[in-house]
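Analysis of the macromolecular model
So the chains spell out like this:
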Amino acid sequence: MQITDKYAFHGELSVPGDKSISHRSIMFGAISKGTTMVTNFLQGADCLSTISCFQKLGISIENQNSHIVIHGKGLHGLTAPSKILNVGNSGTTTRLISGILAGQHFESTLDGDDSIRKRPMKRIFTPLTQMGAEFSSWNPSSFPASLQTTDSGCAPFTVRGGKLHGIHYNSPVASAQVKSAVLLAGLYAEDITSITEPVLSRNHTELMLSGFGAEVTSDGTTASIKPEPKLEGQNIHVPGDISSAAYFIALGLLTPHSELLIKNVGINPTRSGIITAVHAMGGNLSLINERTVSGEPVADILVKSSSMHGTVIDGEMIPTLIDEIPILAVMAAFAEGTTTIKDAQELKVKESDRIAVITENLSAMGASVTPSDDGMTIKGGRQLHGAQIHTHQDHRIAMAFTIAGLNASGETTLDDKKCAAISYPSFFEDILSLAD
Ligand code: S3P
């Protein structure tokens, strides 16, 4: 696909439903009694992987596009899968489902694509093993024809669930996926389970599980859960995904003579660090019509072309904008002055090594980027030129560099535009619909 700088962008759009919340709606609906109805579900490849895994665990799920109906079977209603659970590209599916599978009296084997096979799973194996589950990773080159164990701590792997006991886990990483895996296993434990993170990560699990009837409490960076709650099916309306809105926030701010209204976006404070960062960079962004939907704060976001300047993004902010760092790095390259991103070593274990891949692609466009072990320094203000972008099949890289290409001189080409469908199937159509 070729991307050029000849457009301005105006109008309104609604981005697709939040990926994190969509995954959780399927999982929590499956282990609740009765029907869960989900509207504005994200029909992206990752969330479809979650649906297919729970179908293999014996849950009937109707995908009607406009809504999803899950016929939940309660905490103990899942049945042993007869096939490998294919998690595709989805780290969220892999880690959260493992927490649930840790509490089942059967074994399950999970596998995914090349990217998922490289992502670290020891971070969930460690606490879930302490609770009583067992994990074995298999050598991918001989899998599934023959099962040779490896200590890679990656997929493919088998989880043998069983009787769990509650633990208090001090997590070395601020990760909502680790926190959620431990809390979900805690539903099946004999006593209370709690987890403390170094910095608070997104809290959708705590909010939504409480809505389904679990007793979850949060105190600072510690979340605790009581076992064996009565979970009941719910109606969930998924807010628009701020991580998808982020590309349109950047598009409206960076492109001259542009103004965009992005409607119904989730602005949960554990997710909305991009708003703080954009304000710190001098971006003209305002929140309109703030309200609460299905327990989550939501607003419309208005952005107008702005001249932006550099900032520092670090510390407690990082988990609140971790998925937005590719597009923030793009904004930083167009802003005047220096932007420093620190404390973001988690970027190295996302769908690609995002420190390396952002550096590679921004440099190819003529930006000044110095990578570090936990982030990067970007000296902004240079005129960027079009380039051949290597997405490494990472959806967020493909989308962030589309926005960069729309503001660079000359043509930009993506080696793979299809990967955007992991989280945003209509991304390119939505951009075109706003172009003047
Ligand atoms: C997610 C948590 C984050 C985020 C991912 C979705 C979730 O990952 O990057 O895209 O839904 O819990 P970590 O928990 O690994 O930080």
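For the structure, see preceding data.
Below, the structure is looked at part by part. (Residues numbered from 1 in each chain as written. Predicted model: local features only at pLDDT ≥ 70, side-chain atom pairs only at ≥ 80, totals over all residues. Heavy atoms only, no water.)

Spatially, the 5 strands line up as an open sheet ordered E6-E7-E10-E8-E9, and their pairing is mixed. Looking at the sheet topology across the chains shown, the edges are occupied by strand E6 (85-86) and strand E9 (149-150). As paired elements, strand E8 (residues 134-138) and E9 share 2 bridges and run antiparallel to each other. Note on E9: the bridge partner recorded for Ser137 is Thr150. (Pairing = 2+ DSSP bridges. Helix = DSSP H or I, 4+ residues; strand = E, 2+ residues; numbered from the N terminus.)

It is worth spelling out the site of the ligand at this point. Taken together, Lys19, Ser20, Arg24, Thr92, Arg95, Ser175, Ala176, Gln177, Arg202, Ile322, Asp323 and Lys350 form the complete shell of residues around the ligand. One of the side-chain nitrogen or oxygen atoms of Arg24 is found 2.7 Å away from an oxygen atom of the ligand. A distance of 2.7 Å separates an oxygen atom of the ligand from a polar atom in the side chain of Lys350. In isolation the ligand offers 390 Å² of accessible surface; the protein chains occlude 94% of this area. In this structure, the ligand is accommodated by the largest pocket. Secondary-structure elements contributing two or more residues to the shell around the ligand are helix H1 (19-30), helix H3 (91-101) and helix H5 (176-186). (Near = heavy atom within 4 Å. Polar contact = N/O pair within 3.5 Å; in protein donor to acceptor, adjacent residues only side chain to side chain. Areas by Shrake-Rupley, 256 points an atom, 1.4 Å probe, with all protein chains shown as cover. 1 Å grid on protein atoms, 1.4 Å probe; cavity = no way out; pocket = protein on both sides within 12 Å on 5 of 7 lines; lining within 4 Å. Sits in = over half its atoms within 2 Å of the grid points.)

Attention shifts here to helix H7 (residues 242-254). With 13 residues, H7 extends 18 Å between its outermost C-alpha atoms, agreeing within 8% with the 18 Å of an ideal straight helix rising 1.5 Å per residue. The buried fraction of H7 is high, at 13 of 13 residues. Measuring from the side-chain oxygen of the N-cap residue of H7 to the backbone nitrogen of Ser243 gives 2.8 Å; that N-cap residue is Asp241. (Expected span 1.5 Å × (residues − 1). Buried < 20%, exposed > 50% of the residue type's maximum accessible area, 1.4 Å probe, protein only.)

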